[in-house]
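# Residue-level structural notes
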Amino acid sequence: MKKIFTRLSGGAFVFFLILGSVFAQQNISIRGRVTDAKSGEALIGVSVKVKGTTQGTSTDVNGGFTISAPGTGILVVSYIGYQSQEVAINNQPTINIKLQASSQSLNEVIVVGYGTQRKIDVTGSISQVKGADVNKQPASDAASALQGKVAGVTITNSGAPGATPKVIVRGVGTIYGNTNLLYVIDGVWYDNMSFINPADIENISVLKDASAQSIYGIRAANGVILVTTKKGSKGRTVVDYNGYVGFQNVTNQVEMANGTEYATLINELTSSSGGTPIFSNPSSFGTGTNWYNEILRRAFVTSHQLSVNGGGEKSTYNFSFGYLNQDGLVKGNNYQRYTARFNNEYEVAKFLKVGFNITATDSVSRDVPSDIWHQIYSAAPIVAPYNSDGSFGDPYNISNGALGSSVQFNPLATLEAYNQKAKRYRFTGNAYANVSLTKDLTFKTSLGGEFGQYENRNYVGVYNYTKNQVNNVSKLSIGRADTRNWIIENTLTYNKKFTDHSLTVLLGQSAQRYKLYGSTASGEGVPYSSEGDLYLKLASASSYNYKDDGKLTTVASYFGRVNYSFKDKYLLNASLRADGASQFYNGGDLWGYFPSVGLGWIVTNEGFMKDQQIFDNLKIRGSWGKIGNAGVPYNPTILTVTATPQLSAIFGPDQKLYPGASIDVYPAAFLNWERVAGTNIGFEAAFLTNRLNIEADYYSKTTQQTIFAIPVLSSIGLKSDGGTKRVANQADFRNRGAELSITWRDKTSGGLTYSVGGNISMNNNKVTKVLSGNTPLLTGGTGITNGASVTRTVQGRPIGEFFGYQVAGIFQDATEVSGSAQPGAKPGDFRYVDQNGDNVIDGKDRVSLGNPFPKYNYGINTSFEYKNFDLAIDFQGAADVDVYNANIAYRYGNENFTKDFFDNRWHGEGTSTTYPSVAVGSTSNSAPNSFYVESGSYFRVRNLQLGYTLPKSILSKWKVNRVRVYANAQNMINIFGYKGFSPEVYGASILTSGVDANVYPLYATYNFGVNLTF
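Cut-offs applied
- Residues numbered from 1 in each chain as written.
- Predicted model: local features only at pLDDT ≥ 70, side-chain atom pairs only at ≥ 80, totals over all residues.
- Heavy atoms only, no water.
- Helix = DSSP H or I, 4+ residues; strand = E, 2+ residues; numbered from the N terminus.
- Rg over C-alpha atoms; globule rule 2.2 N^0.38 Å.
- Contact = heavy atoms within 4.5 Å.
- Areas by Shrake-Rupley, 256 points an atom, 1.4 Å probe, with all protein chains shown as cover.
- Lys, Arg positive; Asp, Glu negative; His and termini not counted.
- Charge placed at Lys NZ, Arg CZ, Asp CG, Glu CD.
- Patch = residues over 30% accessible without salt bridge, like charges linked within 9 Å, V, L, I, M, F, W, Y side chains within 5 Å.
- Salt bridge = Lys/Arg side-chain N within 4 Å of Asp/Glu carboxyl O.
- Domains from an automatic or database assignment.
- Buried < 20%, exposed > 50% of the residue type's maximum accessible area, 1.4 Å probe, protein only.
- Pairing = 2+ DSSP bridges.
- Axes fitted to C-alpha atoms, helices over the stretch in contact; angles between N-to-C directions.
- Expected span 1.5 Å × (residues − 1).
- Polar contact = N/O pair within 3.5 Å; in protein donor to acceptor, adjacent residues only side chain to side chain.
- Phe/Tyr/Trp six-rings, centres within 6.5 Å; stacked < 30°, edge-to-face > 60°.
- UniProt positions renumbered as here; feature names shortened; annotations may be inferred.
- pLDDT = per-residue confidence, 0-100.

Looking only at helices and strands, one finds eleven helices and 53 strands in the protein chain. What you see for the protein chain is a C-alpha radius of gyration of 31 Å, in line with the 31 Å of a compact globule of 1014 residues. Projected onto its principal axes, the C-alpha positions of the protein chain cover 95 × 65 × 65 Å. Counting contacts in the protein chain only where the partners sit at least 6 residues apart, residues at least 24 apart contribute 70% of the total. Entry remark: accessible area of the protein chain is about 43,600 Å², with carbon and sulfur atoms responsible for 55%. Distance between charge centroids for the protein chain: 8 Å, based on 89 positive and 75 negative side chains.

This part covers a nonpolar patch on the surface. Where nonpolar side chains cluster on the molecular surface, the patch consists of Tyr-558, Leu-576, Tyr-585, Leu-590, Trp-591 and Tyr-593 and spans about 680 Å² of accessible area. Note that Tyr-585 resides in the loop between strand S29 (570–581) and strand S30 (591–602).

In terms of domains, the protein chain is made up of domain 1 (24–102) and domain 2 (105–236). Computed from C-alpha coordinates alone, the two centres of domain 1 and domain 2 are separated by 32 Å.

Moving on, we come to the pattern of salt bridges. Throughout the structure, instances matching the rule amount to 31 salt bridges. Among the salt bridges present, the one from Glu-261 reaches Lys-899, with a minimum N-O distance of 3.7 Å. In this pair, Glu-261 is assigned in helix H5 (residues 259–272) and Lys-899 in helix H10 (residues 899–904), connecting sequence segments 638 residues apart. Each member of the pair, Glu-261 together with Lys-899, is buried. Put simply, Arg-691 and Asp-746 hold a salt bridge, and the shortest N to O gap is 3.4 Å. In this pair, Arg-691 is assigned in the loop between strand S36 (674–687) and strand S37 (692–711) and Asp-746 in strand S38 (residues 725–747), connecting sequence segments 55 residues apart. By relative accessible area, which is 16% here, Asp-746 ends up buried.

Quick look at the pairing of strand S28 (residues 545–566) now. When strand S27 (residues 501–524) meets S28, the two strands line up antiparallel, connected through 22 bridges. Counterpart to Thr-520 in the pairing with S28 is Lys-547.

With that settled, the discussion passes to the sheet that holds strand S16 (residues 224–229). The sheet built from five strands is open, its strands ordered S10-S15-S16-S13-S14 with mixed pairing. Of all the strands in the sheet, the pair left with one neighbour each is strand S10 (126–130) and strand S14 (188–190). Going across the sheet, the axis of each strand differs from the next one's by a mean of 20°, ignoring polarity.

Further remarks concern unusual backbone geometry. Non-glycine residue Tyr-114 carries a positive phi angle of around 60°. Counting through the fold element by element, Tyr-114 comes out in the loop between strand S8 (109–112) and strand S9 (115–118). In this structure, Asp-880 takes a positive phi of about 55° despite not being glycine. If you trace the backbone, Asp-880 turns up in the loop between strand S47 (869–879) and strand S48 (882–885). We classify Asp-880 as partly exposed; its relative accessible area is 43%.

Here the focus is the sheet that holds S48. Spatially, the three strands line up as an open sheet ordered S49-S48-S52, and their pairing is mixed. In this open sheet, the two strands that pair with only one neighbour each are strand S49 (933–935) and strand S52 (995–996). One ladder, built from two bridges, connects S48 with S52; its direction is parallel. Among the inter-strand pairings, Tyr-884 is bridged to a residue of S52, identified as Val-995.

Turning our attention to H5. Given a rise of 1.5 Å per residue, 14 residues ought to cover 20 Å, and the 20 Å separating the end C-alpha atoms of H5 matches this to within 8%. All of the buried residues in H5 are Gly-259, Glu-261, Tyr-262, Ala-263, Leu-265, Ile-266, Asn-267, Leu-269 and Thr-270. Tucked into the core, H5 has its buried residues touching H10. Where H5 starts, the residue carrying a side-chain oxygen 3.2 Å from the main-chain nitrogen of Thr-260 turns out to be Asn-258. Two residues or fewer after H5 comes Gly-274, characterised by a positive phi angle close to 90°.

The full count for this structure, using the stated rule, is 34 aromatic pairs. When the ring of Tyr-805 is compared with that of Tyr-832, the centres are 4.9 Å apart and the planes differ by 25°; the resulting orientation is stacked. In this pair, Tyr-805 is assigned in the loop between strand S42 (801–804) and strand S43 (807–810) and Tyr-832 in strand S44 (residues 830–832), connecting sequence segments 27 residues apart. Of the two residues, Tyr-805 and Tyr-832, both sit in the buried class. On the numbers, 5.8 Å between centres and 15° between planes, the contact of Phe-875 with Phe-939 is stacked. Of this pair, Phe-875 sits in strand S47 while Phe-939 sits in strand S50 (residues 938–949), and the two are 64 residues apart along the sequence.

This paragraph deals with the UniProt feature "domain: TonB-dependent receptor plug" (unreviewed entry) in the protein chain. Per the UniProt record, the feature "domain: TonB-dependent receptor plug" (unreviewed entry) sits at residues 119–224. With 8% helix and 26% strand, residues 119–224 has end C-alpha atoms that lie 17 Å from one another.

Moving on to the side chain of Asn-1007. Relative to the elements of secondary structure, Asn-1007 occurs in strand S53 (residues 1003–1013). Not counting residues up to four positions away in its chain, the partners in contact with Asn-1007 are Pro-138, Tyr-244, Val-245, Gly-246, Tyr-966, Ala-967 and Asn-968.

The topology assignment puts Pro-138 in the loop between helix H3 (131–134) and strand S11 (153–156). Put simply, Pro-138 and Gln-612 are 474 residues apart on the chain and 45 Å apart in space, counted from C-alpha to C-alpha. Leaving out residues up to four positions away in the same chain, Pro-138 has contacts with Tyr-244, Asn-943, Asn-968, Gln-970, Thr-1005 and Asn-1007.

Below, the discussion takes up the confidence of the model for the protein chain. Across the protein chain, the average pLDDT comes to 88, with 92% of residues at or above 70. A low-confidence stretch, residues 1–25 (pLDDT under 50), is modelled with 34 contacts involving residues beyond four sequence positions or located in other chains.

With respect to the helices and strands, the residue Lys-208 is situated in the loop between strand S15 (201–207) and helix H4 (210–213). Of the residues examined, Lys-208 reaches a relative accessible area of 5% and is grouped as buried. One polar contact links the side chain of Lys-208 to the main-chain carbonyl oxygen of Ala-151, over a distance of 2.9 Å. Leave out the neighbours within four places in its chain, and Lys-208 touches Ser-125, Ser-127, Val-150, Ala-151, Val-169, Arg-170, Gln-213 and Glu-739.

The next point concerns the environment of Lys-314. In this structure, Lys-314 sits in the loop between strand S18 (299–311) and strand S19 (315–327). Here Lys-314 falls in the exposed class, since its relative accessible area comes to 51%. Note: C-alpha distance between Lys-314 and Ser-989 (675 residues apart in sequence) is 50 Å. Residues contacting Lys-314, with those up to four places away along its chain left out, are Glu-345, Tyr-346 and Glu-347.

This is the structure:
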């Protein structure tokens, strides 16, 4: 596959260089002056660029400019607070331009579902981010770069290389269904955009309210992100190179107890259970081994992207090739990705345009064990990484295994034994045609899809590293998942302006097909001499195991939308979508209907506002809509029967063995769509000659008939691993909140152009209805050693809130214990609050402890440009959010402790009233409680980039149009009180969000880069 990409990219690159030379035009020198259309005053610092290139200049103190450009080219003239213009050169040596004052933010054109609109005409809540702002951040996934830039969007990142971030728009939209947003990339639907090189993105639109989302009905419940990639432009061929190289460091590394401190703690732990201390002289171990220093590293990262852009009179093209190489923080962890993207558009006739967008991605990762972070955290620091002979240090050699089985591992040996690689190939895109049937009527057809293949190979070899890290039989496991999706969409758009009226009518039809086929196979006894020898046919026949699975769904859709404007004052947007999905064929509602309506009033266009001096623009808008989620669990309504040897029985006079079977799940008769009804009210305003822009929204959305699991009695014979819950449409929950965005843009007389913007959002989540009333859904047990669940979802409370005992203090002596509601406790144990006053501590005393979803998210984004220098600083944070630090009690024996715990632990009467003794892993002390719930609020310098563009006097000698160099730092400063690596915890699911059981932590990135244009 890599060879194919290389050949394609190389051939296409040569082809376009040749093609570009054909269309290259002779440059001429152009002079001119830019003035205010109303006052005639000269405008200083106006940007004048040649369209389709990075070649440009700025006006001087007299508004004058000089630029070299093709005689048939186009000048793009833009200035803060004024409406941008495109001016055809037409071989004119002198061009004077008058700019009209306008609100840049309210009149910009933004991408909406199945089209574009002026922002001032939009009645819903839509935020747009430019690709240039996304590409400033060294992120493998462009979604990560949105963090802090869009109000109402919560993003949780993982430190694993190549990982896809979790994105939530205006609160949790579902629990058991598909929790991914819908990403519409150049008209094709996806679950993520990890396969897109951020440098290929032109802009991103985030549809936040139900009226904007409803045109995508079936998949819009969790939010919609529209991605438009860069297209070709007419004119000479332009070659761009963007690349950076740098390194990544773990941030806020947790300090663990050293050798002496660990030995001291283990002696205390042994004594607390009546044993004899293991170590006679703890100080003899000194500082011991810092396992984080042994396992973690300064990780290398580099990215390169080459693009070719151009076109002639009848066609345009854009081709790019990208390469990303990212090492993980853990030694041996690596992710590499190759991307190739090509789009082309042809004007076949005046009424017909055809084109296509194609993206190919090839990625490969070298993985590390999922529990490696827990091992590093837990490993005994008194064990050496290596022995003098080069073999791995063995914990068993410490006092003949007295440390116990829970720490009988060497993390370095674990990494050495782990051999897993994952590969993913994706080929995506679409072909389309636009037909202008009349001046006002346009037909568009598009056929797109995704061809994907995922492969995972895990090999466990024969090894003997330590007493407990031994494997005598090799095993090879191979997994594969094939994705074959397609989508066909046809739309008819009528756009007409007459007198005071503006009308746009959209009618559309869509058909989709999603197919997934997966298989896993394994076998033992496979030898390993090289990567090319790992085949299952070499496994012993008796050990071979194979299974497969898959699903196929189809969707038919019809949709329509009307946009109407009267005198540019009164706005109406109404839409309806009908979706039919195959997974509901046997029951429930086969078809779902998703209407929406939005109203807007541009107040500043009223006559009574003509003479006011406060607002440059003021728009009030409101909307309502319904959206849906058909991504529910697949085939959950099928009654299954299990037959296992354990169900067999011997009975009868002949005492024969008879096989047995059991109905072990209690499914619902059918499942319906999850439906979301949402309301949004907001306003947009511009002040002070359009330099100050404010946008505010209030929203309320309710998820109705959500898929929810209700516990049932296991005594009726259901299996314990999920059968004791009945999954059905049986709950409603609501998200309510507000958003505020403020931006100031200006340019000083000294030539400094700057922008400062801030956004903040608030969200409250609540389960409003459950068919079973107050029966809770308990989950989130990872790292909870006593088997309890740490999160609860129940009527009247937030989804997935932390749930457990409230700690009142620490028992100091036996007298306190004897007079308490915990007679079985010991001094040094947690003292829990007896909530119901019955003098017994039990499950009835558990209460709400915190919320893993932030109530507040905020971001501050700044940019400064002065002469050839540019500076961008982004800040981001979250507040009123909690994290459950499961690491502290995630222990089964003699695992290590943090330095913080060592310094503050209870180790005798009066030594601590907040921290327990070392017996924190016992059943009562490890039960979910308030001690483990910490504030997850944080403030971060998300990104800082300083750039310098070389003067044109130098570049003219090099035959280069533009050279910009920059230095960048991401996550360089993190301020928080949480005692883990980062309060930004990447949970495995919605219901385990915020539970930190040694997740892959975030990192700080420092890199240097260059942008070249030829």
